[in-house]
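Listed below are the residues making up each chain.
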Amino acid sequence: NMRGNFDSISTIRLRVLAASTGTCYPISLHPNELSVANIRTRLAASLPINDQILLLGPPFKVPKDSLLRTNETINALRLGDEEDDYFGALSPSSTGDNPQRRGILVPTERSGSKRLFLFSKRALSEGAPEPPICTIDPPPDPLPMPTQSDMPPPPPILPSETQSTPLRMALEVYERQFMLNMAKGRAYADGADLRLAACRKCVSEQAVIVQALRAAVSNLADHRSGASRERKQFSDEYTLAASSHIELLNKFDARLEGGVDVIGSGKSQSLDSIPLHPALVSAARSAGRVMESLLDAVPLEQEKAWAGKCRTAHERLSNSFHELDSAFGSALGTAVSWNEYAQGDLAAEESVKALYAEVEDVGIRVRNSQAERLAVLSSNHTEAVRIISIAIKSEAEIGASTNSAFPMLESSSQASSSILPAMEADDSVLAELSKRVSDAKTESMRRMRTRLRQISAAQSAIARANSSVTVLRHAVAQQNEDCSHLEHVVELPTSYHDFITEIRRRRAYCAAFTSNAAAMISKLNSMRADEVKLRERFLRGPGRHLMPAFFEVFAPTLASSPAVFSPQLPDISELETLPNVGEIGMSSLESENTGNRQGGERTSNASTLTDCPSICHPSTSNDKHGMDLGSTMGRVGNDPRGSIIGPSFIVSVDDNSGHDDVIMRTVCHEGSDARREDSNAECATLLYENATLRQALERAGGKPPLLYVNDKTKQISMDVAEKNAKISSMEVELANMKLELEKARRDTQQSRQSQKNSATTQTEVNQCDKISHTSFQVGDVGLFMPTGRGKGGKRIYLAFHSGCPHRYLSSDCITGSPDFVLGRIVYQEEFTAGALESDSNPFGLHVGTKYWVLTVETMKRG
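This one's a predicted model, so the numbers in the text were calculated from it and none came from an experiment.

## What about the overall build of the protein chain?
Here is step 1: Along the backbone of the protein chain there are 21 helices and 11 strands.
Here is step 2: Taking all 862 residues of the protein chain together, 40% fall into the buried category.
Here is step 3: Roughly 48100 Å² of accessible area belongs to the protein chain as shown, and the carbon and sulfur atoms make up 55% of that amount.

## Examining the nonpolar core
Here is step 1: Counting 64 residues, the largest nonpolar core has Ile104, Phe117, Phe119, Phe234, Val437 and Met448 as its most contacted members.
Here is step 2: When residues of this core are traced back to their parent elements, those giving at least two are strand 3 (52–57), strand 4 (115–120), helix 6 (166–257), helix 8 (300–332), helix 9 (335–398), helix 10 (405–484) and strand 10 (821–832).
Here is step 3: Here this core gets 20 residues from one element, more than from any other, and that element is helix 6.
Here is step 4: Setting aside residues no more than four positions away along its own chain, Val437 makes contact with Cys199, Cys202, Val203, Gln206, Leu355 and Val359.
Here is step 5: Of all hydrophobic cores here, the second largest spans 26 residues; its members include Leu294, Cys310, Val489 and Ile500.

## Some words on helix 8
Each α-helix winds once per 3.6 residues, and so residues spaced three or four apart point in a common direction.
Here is step 1: Here helix 8 is 33 residues long and its end C-alpha atoms lie 47 Å apart, about the 48 Å a rise of 1.5 Å per residue gives.
Here is step 2: Backbone geometry just after helix 8 places Gly333 at a positive phi near 70°.

## Remarks on the pattern of salt bridges
Here is step 1: Counting across every chain of the model gives 37 salt bridges.
Here is step 2: Close ionic contact of Arg15 with Asp84 constitutes a salt bridge, the shortest N to O distance being 2.6 Å. You can see Arg15 sitting in strand 1 (residues 12–18) and its partner Asp84 sitting in the loop between helix 4 (71–83) and strand 4, a full 69 residues away along the chain.
Here is step 3: With relative accessibility at 21%, the residue Arg15 sits in the partly exposed group.
Here is step 4: Here Arg200 ties to Glu360 by a salt bridge, and the two come within 2.9 Å at their closest N and O atoms.

## Brief notes about the pairing of strand 7 (residues 781–789)
Here is step 1: Bridge count for strand 7 against strand 10 is 4 bridges, and the pairing is antiparallel. Counted as the bridge partner of Gly782 is Gly823 from strand 10.
Here is step 2: Pairing between strand 7 and strand 8 (residues 795–799): 5 bridges, direction antiparallel. Residue Arg789 lies in a different strand from strand 8, and its bridge partner there is Arg795.

## Description of the packing of aromatic side chains
Here is step 1: Applying the stated criterion across every chain yields a total of 11 aromatic pairs.
Here is step 2: Where Phe234 meets Phe321, the ring centres are 6.0 Å apart and the plane angle is 45°; that geometry is what we call tilted. Of the two residues, Phe234 sits in helix 6 while Phe321 sits in helix 8, which places them 87 residues apart along the sequence. Considered together, Phe234 and Phe321 belong to a single accessibility category, that of buried residues.
Here is step 3: For the ring pair Tyr238 and Phe321, a centre distance of 4.2 Å and an interplane angle of 15° mean the geometry is stacked. With Tyr238 in helix 6 and Phe321 in helix 8, this pair connects stretches of sequence that are 83 residues apart.
Here is step 4: The exposure class of Tyr238 is buried, given its relative accessible area of 8%.
Here is step 5: The ring of Trp852 carries Arg807 above its face, with NZ or CZ at 3.7 Å from the centroid.

## A look at the side chain of Glu303
Here is step 1: By the element assignment, Glu303 lies in helix 8.
Here is step 2: Although Glu303 is buried, it forms no salt bridge, and the closest oppositely charged side chain is Lys304 at an N-O distance of 11 Å.
Here is step 3: Residue contacts for Glu303: discarding those within four places in its chain leaves Phe252, Val298, His485, Leu486 and Val489.

## Notes on the sheet that holds strand 2 (residues 24–29)
Here is step 1: An order of 2-1-4-3 is seen for the 4 strands of this open sheet, with the pairing classed as mixed. Every other strand in the sheet has two partners, leaving strand 2 and strand 3 as the edge strands with one partner each. Averaged over all adjacent pairs, the angle separating strand axes in this sheet is 30°, with direction ignored.
Here is step 2: Here strand 1 pairs with strand 2 via 6 bridges, running antiparallel.

## With respect to the environment of Val856
Here is step 1: Tracing the backbone through its elements, the reader meets Val856 in strand 11 (residues 850–861).
Here is step 2: Each C-alpha atom of the pair Val856 and Ser125 lies 8.2 Å from the other, and the pair is 731 residues apart in sequence.
Here is step 3: Not counting chain neighbours up to four residues away, the residues in contact with Val856 comprise Phe784, Leu809, Cys813, Gly823, Arg824, Ile825 and Val826.

## Describing the environment of Phe550
Here is step 1: Summarising the element assignment, Phe550 is placed in helix 13 (residues 548–554).
Here is step 2: With residues up to four places along the chain from it excluded, the contact list for Phe550 reads Ala555 and Leu558.

## Notes on the confidence of the model for the protein chain
Here is step 1: Of the residues in the protein chain, 76% reach a pLDDT of 70 or more, and the chain-wide mean stands at 77.
Here is step 2: The model gives residues 89–99 a pLDDT under 50, and that stretch makes 16 contacts with residues more than four places away or in other chains.
Here is step 3: Counting interchain partners and residues more than four positions distant, the pLDDT-below-50 stretch residues 585–670 has 121 contacts.

## As for the pairing of strand 11
Here is step 1: Where strand 9 (residues 807–809) meets strand 11, 3 bridges bridge the pair, whose relative direction is parallel. If you follow Leu809 over to strand 11, its bridge partner there is Leu854.
Here is step 2: Strand direction decides the pairing type here: strand 10 and strand 11, joined by 11 bridges, are antiparallel. Each residue of the ladder has a partner; that of Glu829, found in strand 11, is Val853.

## Considerations on the environment of Gly803
Here is step 1: With respect to the secondary-structure elements, Gly803 resides in the loop between strand 8 and strand 9.
Here is step 2: Looking at Gly803, the relative accessible area reads 75%, which means it is exposed.
Here is step 3: Taking the C-alpha atoms as reference points, Gly803 and His773, separated by 30 residues in sequence, lie 8.2 Å from one another.

## Describing unusual backbone geometry
Here is step 1: Each neighbour pair has its own omega, and for Pro58 with Pro59 the value is -10°, a cis peptide bond.
Here is step 2: Assignment of secondary structure puts Pro59 in the loop between strand 3 and helix 3 (65–68).
Here is step 3: In this structure, the amide linkage connecting Asp137 to the following residue, Pro138, adopts the cis form with an omega of 5°.
Here is step 4: Position of Pro138 among the secondary structure elements: in the loop between helix 5 (121–124) and helix 6.
Here is step 5: If you check the backbone angles, His806 has positive phi at about 65° while not being a glycine.
Here is step 6: Position of His806 relative to the elements: it lies in the loop between strand 8 and strand 9.

## Description of a nonpolar patch on the surface
Here is step 1: On the surface, a cluster of nonpolar side chains totalling about 440 Å² of accessible area is made up of Met547, Phe550, Val553 and Phe554.
Here is step 2: Note that Val553 resides in helix 13.
Here is step 3: Classification of Val553 as exposed rests on a relative accessible area of 57%.

Cut-offs and rules
- Residues numbered from 1 in each chain as written.
- Predicted model: local features only at pLDDT ≥ 70, side-chain atom pairs only at ≥ 80, totals over all residues.
- Heavy atoms only, no water.
- Helix = DSSP H or I, 4+ residues; strand = E, 2+ residues; numbered from the N terminus.
- Buried < 20%, exposed > 50% of the residue type's maximum accessible area, 1.4 Å probe, protein only.
- Areas by Shrake-Rupley, 256 points an atom, 1.4 Å probe, with all protein chains shown as cover.
- Core = buried A, V, L, I, M, F, W, Y, C linked by side-chain atoms within 4.5 Å.
- Contact = heavy atoms within 4.5 Å.
- Expected span 1.5 Å × (residues − 1).
- Salt bridge = Lys/Arg side-chain N within 4 Å of Asp/Glu carboxyl O.
- Pairing = 2+ DSSP bridges.
- Phe/Tyr/Trp six-rings, centres within 6.5 Å; stacked < 30°, edge-to-face > 60°.
- Lys NZ or Arg CZ within 6 Å of the ring centre and 35° of its normal.
- Lys, Arg positive; Asp, Glu negative; His and termini not counted.
- Axes fitted to C-alpha atoms, helices over the stretch in contact; angles between N-to-C directions.
- pLDDT = per-residue confidence, 0-100.
- Patch = residues over 30% accessible without salt bridge, like charges linked within 9 Å, V, L, I, M, F, W, Y side chains within 5 Å.

Written as structure tokens, this is what we have:
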């Protein structure tokens, strides 16, 4: 869309308004050349590029090419130009006592207009030069008036008459006087036009200064709003983190020493009061260590030292947070102070409006009066010329002189001469008005310098506070990570309980795995035994009549036994390493630590956990769980019926055996074993599933219904007692507060004054002067070292850095050739290196390299 509209535009005209002086710089660019860099280049003759700050708005931000080249921005700038044409409705020849004129400094945000302002970095620094005294042209002095010697001789009335007579000489004197009066009147009228135009220009420049101050204040307001949001967000984050840190530290102390938590709601059980399971005590003694309670399993000295470090870090972090909050309070200021500044700015705007109204009223009135008087003088001169012409012609025709023309000329001459004093008086009025206008602009520029310095200092303080937020946010994150190690001690009792439950679940898993593997192997052995019996029955029956070809050619494996199942299952050696902490639901630890909860669980789970003693534990000689995988595998390989299921046996016909199925009896016995193994496997699986469900229920906070009722009843009783205690304490507090209220009122005034003095002193102390080297923001302190010489033989100074290159010191901050410069950054601007040896690449970087030019407040140079 932009390209389509710009094709019909040959030139784009922009106005850049200087904030410090109100000067307007018109710029004309081709649409393809419209960029911030080209605008800066056009302004370089008035202000060096490195000293330029451009703000486009509202909302006032540093302009970007993508925003500047849009149709919306171009139209908004054009609308701003039209709104600032305060005197466009008035022409120099306007007449009338009350001409229609446009207002000045009217609110324009609703119209969507924009303006482009130019600020100077030097004007924002502490050492900003004093603004120049405003001069106006013509100066507020009496205008130079023409004299008789400046008047040219009048042209001859009759070209054929060249002889001078006394009459003609007298008439010529009158004509020269009329010409002199008219020339003086023209000088006064032209002077009125020039003075009015100069006053209008000066007032419009003051209006630009006021609008530029609005832009700077608006930009500062955006920074203040962002800083307020950052302050609120970080305060919430820090408050939440700090409360969790304090609570964790208090719980840590309670776990080690016992007692009541400061933040908790009840008595915390110490680790020393929680005994270890006897199986764990025995395992520790086997390893040559003595452990009887949970406290013995904690590296006590290391944990205490770590907790001390966390507590110290928390105190330092708390102090840093309070310092940051004070810095934010100082940077953001109070509503009263900002209201005072706003009232001062509003008063300055009102004075400009009043001056504009006076210039328009007095200036136009005087200009019109001077124009009218000039018309009268011109008319008198014309009439005098007519009278003189008639007198000279009459003399030439009659041949005798006549004095009738002199009374009329004398009367007209006196009338013309009486007009000049009034014109002189009005010129003095305009001269005095122009002087007050120029003085007002000088005062506006001085006030603008002061306000810009205040705004720059506020933005620098906000930038420093924001950078401190980043540092403290990293510190809070590190403190969170450090304090998380203390959770191991705080949560150790709960983790220990879950550990016992996990051990039982794993033992149940090992038992279930072993039982299911034994049942599977037993079932496969039973299937193989059935297959052996069926094959033998076939070979002893119909197979006896088959010819050798059937065994040798047609089915070579007809007389072979089934393949032997030899599984390679993993060895469950984990069971030997897990301590035997008892059956599920029967732990002494649970009875000691959970009290009523354990009893409820035993009651609810008794039928599930203990109703299969004969099925789940058929044998007491092999680890109380019957057949395990190793014993089962051994029995398969060394079965006494190896003559039947051995791997190398070939079935043969035994004529003496008849139909006595010994195999059938063996298979029936094997089937009984398989059913017993299946029952054991099913029972072990149920135990494992029960352990898994129990662990999940405990992690979810599940409790027996009866315990819920008991807990609720106990909680209601505690709530009633707590409410009664609160009522009593509130009555006492109310009486005490009434006594303290009067004393607090007396101390309020003194406390407020001391807090203000303390805040001022604390703000001065809080300023950080550490040298930055990993990042560079406004408000940081940088160390700049010389790296060579650039154009003009001036030394180039580069910021000392670590992985943050291409930060160069602005040449405006360099005086002489110091060995180093230490300064606080007040402004930084990003550039992209252009072609070598060009103005866009003053430091000889590779084309396309980004670099930054930093303006600093010099703190030290050597």
